[in-house]
Amino acid sequence: GKKMGKGTNLTQVKDWAKTFLLLDIEETKMSPFIVKHPFTDTGVIALRNPDGSIGQANLLEDKAELQKWRRHMAEQIDRSKSAFHIHLMVTKPYRLTFLKYIQPYLSQKDFSEILNDAWTRSENPNSDPNVSQEELLAMFQTADPTALMEEDEYLQFKQFDDTDTVYRGVTSYNAENIKALSWSLDCDKAAWFAHRFGEDGTVYEAQIAKEHILAYFNSRNEKEVIVAPQYLTELSKVQEIDDSFTQTM
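What you see is a predicted model; the values in this text were computed from it and never measured.

A.B. asks: When you look at the overall build of the chain in this model, what are you seeing that I'm missing?
C.D. replies: Scanning the chain for helices and strands turns up 10 helices and 10 strands. Along the first, second and third principal axes, the C-alpha atoms of the chain reach 65 × 55 × 30 Å. At a minimum sequence separation of 6, the contacts of the chain that also span at least 24 residues come to 67%. Accessible surface, the chain: about 14,200 Å² in total, of which carbon and sulfur atoms supply 49%. Of the charged side chains in the chain, 28 are positive and 39 negative, and the gap between their average positions amounts to 8 Å.

Following this line, the structure appears as structure tokens:
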């Protein structure tokens, strides 16, 4: 993993944030209302006019407003008192990527707390195009477990059996991503993931030794475990009981 300094270098974190701020705003099919950028999810921003009324500007079309918006965001970054606060300014899809770049300038505690937040709030952290599975795994291996998990999660984590059964539900969207970092101790929760979006997905189960479980998160009631996927053994499909016919009797 990357070496982390003793304390957090907030100046370096701010410099990286301002670098991310300068990235181009990416258009989507829903532009200008929905865009991709580390500091905004929309290209249409509210503005206060000189007379106090509220107007709006399109950042994709109005270069002057784009520059003004960037200056305003840079000032907010500069005023931030902590790396965690700057992380919260970053839009969710970019948080893990941002963390990857600021990691060398964070204390282990700050890094671990930001990793928890970036991971547990992300819509789909296992498939971030800018952070590979190897990089994510290294992040979890570098983190301090006591700062990475909430106290009750950490207590549960310490009490795991020597070998644990874990479950993962996949749909056609992520079917090739079976050996991912993210599994659940709860078969029903895995089944929910397999069948969301009305999909006819598959639930897998596997065994993992306690020493290869890196974290336990239950903030979303998913009983999620982060594992080193190369150590999963006895991987097999769970035969789900099809109860659809009983309901039509």
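A.B. asks: Explain the pattern of salt bridges to me, please; I cannot follow it from the model alone.
C.D. replies: Pairing between side chains of opposite charge can happen when the charged atoms of each approach one another. According to the stated counting rule, one finds seven salt bridges in the structure shown. The residue K18 makes a salt bridge to D78 at a minimum N-O spacing of 2.7 Å. Residue K18 is found in helix 1 (residues 10-21), and its partner D78 is found in helix 2 (residues 63-79); the two are separated by 60 residues along the sequence. Classification of D78 by relative accessible area gives partly exposed; the value is 39%.

A.B. asks: What is the right way to read the packing of aromatic side chains from this model?
C.D. replies: Where two aromatic rings form a pair, the distance of their centres and the angle of their planes describe that pair. For the structure on display, the rule yields 10 aromatic pairs. Ring centres 5.0 Å apart and planes at 40 degrees place the aromatic pair W16 and Y101 in the tilted group. Here Y101 lies in helix 4 (residues 95-102) and W16 lies in helix 1, a separation of 85 residues in the sequence. On the basis of relative accessibility, which here comes to 35%, the residue Y101 falls in the partly exposed class. Relative to Y101, the ring of F20 lies with its centre 5.7 Å away and its plane at 70 degrees, an arrangement referred to as edge-to-face.

A.B. asks: Where do I start with the nonpolar core in this structure?
C.D. replies: One broad trend across soluble globular proteins is that nonpolar side chains are buried collectively. With 59 residues, the main nonpolar core has F39, L115 and F140 as its most contacted residues. In terms of nonpolar packing, the next biggest core, distinct from the first, is built from six residues, A190, A191, V203 and V238 among them.

A.B. asks: I'm lost on the packing of helix 1 against helix 2 in this one. Help?
C.D. replies: Describing two packed helices takes the angle between their axes plus the distance from one axis to the other. Axis separation between helix 1 and helix 2 bottoms out at 10 Å; the angle between their running directions is 165 degrees. What the angle tells us is that helix 1 and helix 2 run roughly antiparallel. Judged by the twist between their axes, the crossing of helix 1 over helix 2 is right-handed. For the pair formed by helix 1 and helix 2, the contact residues are K14, A17, K18 and L21 on the first element and W69, R70, M73, A74, I77, D78 and R79 on the second. When the residues that make up the contact of helix 1 with helix 2 are grouped by side-chain class, the tally is six nonpolar, no polar and five charged.

A.B. asks: Explanation requested: unusual backbone geometry in the structure shown.
C.D. replies: S31 connects to P32 through a cis peptide bond whose omega is 0 degrees. By the element assignment, P32 lies in the loop between strand 1 (26-27) and strand 2 (35-36). Here K223, not a glycine, exhibits a phi torsion of approximately 45 degrees, which is positive. Here K223 shows up in the loop between strand 8 (213-217) and strand 9 (224-227).

A.B. asks: I would appreciate a short explanation of the packing of helix 4 against helix 5 (residues 108-121) in the present structure.
C.D. replies: At their nearest, the axes of helix 4 and helix 5 sit 9 Å apart, and the two run at 160 degrees to each other. What the angle tells us is that helix 4 and helix 5 run roughly antiparallel. Relative to helix 5, helix 4 is oriented so that their crossing is left-handed. Where helix 4 abuts helix 5, its residues R95, L96 and L99 lie against F111, I114, L115, D117, A118, W119 and R121.

A.B. asks: Explain the pairing of strand 3 (residues 44-48) to me, please; I cannot follow it from the model alone.
C.D. replies: In summary, the side chains of a regular strand alternate between the two faces of the sheet. The sheet contact formed by strand 3 and strand 4 (residues 54-58) spans five bridges and is antiparallel. Each bridged residue has a counterpart across the sheet, and for L47 the counterpart in strand 4 is G55. Hairpin remark: strand 3 followed by strand 4, antiparallel, with five residues in the connecting loop; positive phi at G52, about 95 degrees.

A.B. asks: Where do I start with the confidence of the model for the chain in this structure?
C.D. replies: Detailed reading of the predicted model is not advised wherever pLDDT is low. Averaged over the chain, the pLDDT score is 90; the fraction of residues at 70 or greater is 92%. Low pLDDT, under 50, characterises residues 244-249; the predicted model gives this stretch zero contacts beyond four residues in sequence or across chains.

Reading the values: the criteria
- Within every chain, residues take consecutive numbers counted from 1 along the sequence as written.
- Given that this is a predicted model, residues contribute local features only at a pLDDT of at least 70 and side-chain atom pairs are listed and counted only at 80 or more, while totals for whole chains, interfaces and linings are drawn from all residues.
- Based on all heavy atoms of the structure, the side-chain values leave hydrogens and waters out of the count.
- Numbering goes from the N terminus for both helices and strands, where a helix is a DSSP run of H or I of at least four residues and a strand is a run of E of at least two.
- Residues count as neighbours in contact if any of their non-hydrogen atoms are within 4.5 Å of one another.
- Under the convention used here, a 1.4 Å probe and the Shrake-Rupley method define accessible areas, while residue burial counts only the protein chains that appear.
- Under this rule, positive means Lys or Arg and negative means Asp or Glu; His and the chain ends count for nothing.
- The atom standing in for a charge is NZ when the residue is Lys, CZ when it is Arg, CG when it is Asp and CD when it is Glu.
- The working definition used for a salt bridge is a side-chain nitrogen of Lys or Arg within 4 Å of a carboxyl oxygen of Asp or Glu.
- A simple rule labels every residue: compare its accessible area, found with a 1.4 Å probe on the protein chains alone, to the largest value its type can have, and call it buried under 20%, exposed over 50%, or partly exposed in between.
- Only Phe, Tyr and Trp rings take part, Trp by its six-membered ring, and two of them pair if their centres are within 6.5 Å. Stacked means planes under 30 degrees apart, edge-to-face means over 60, and tilted covers everything else.
- Within this scheme, the nonpolar core is defined by two criteria: the residues are buried Ala, Val, Leu, Ile, Met, Phe, Trp, Tyr or Cys, and they are joined through side-chain atoms within 4.5 Å.
- Only C-alpha atoms enter the line fits that serve as axes; for helices the fit covers just the stretch in contact. Angles between N-to-C directions range over 0 to 180 degrees.
- By the definition adopted for this analysis, an angle is roughly parallel if under 35 degrees, roughly antiparallel if over 145, roughly perpendicular if from 65 to 115, and oblique otherwise.
- Helix crossings are classified by the rotation of the near helix relative to the far one: an anticlockwise turn of less than a right angle makes the crossing left-handed, while a clockwise turn makes it right-handed.
- By the convention adopted, Pro, Cys, Tyr, Trp, Phe, Met, Ile, Leu, Val and Ala count as nonpolar, Lys, Arg, Asp and Glu as charged, and the other residues, Gly among them, as polar.
- We treat two strands as partners when DSSP finds at least two bridges between them.
- Per residue, pLDDT captures the predictor's confidence, and it can take any value from 0 to 100.

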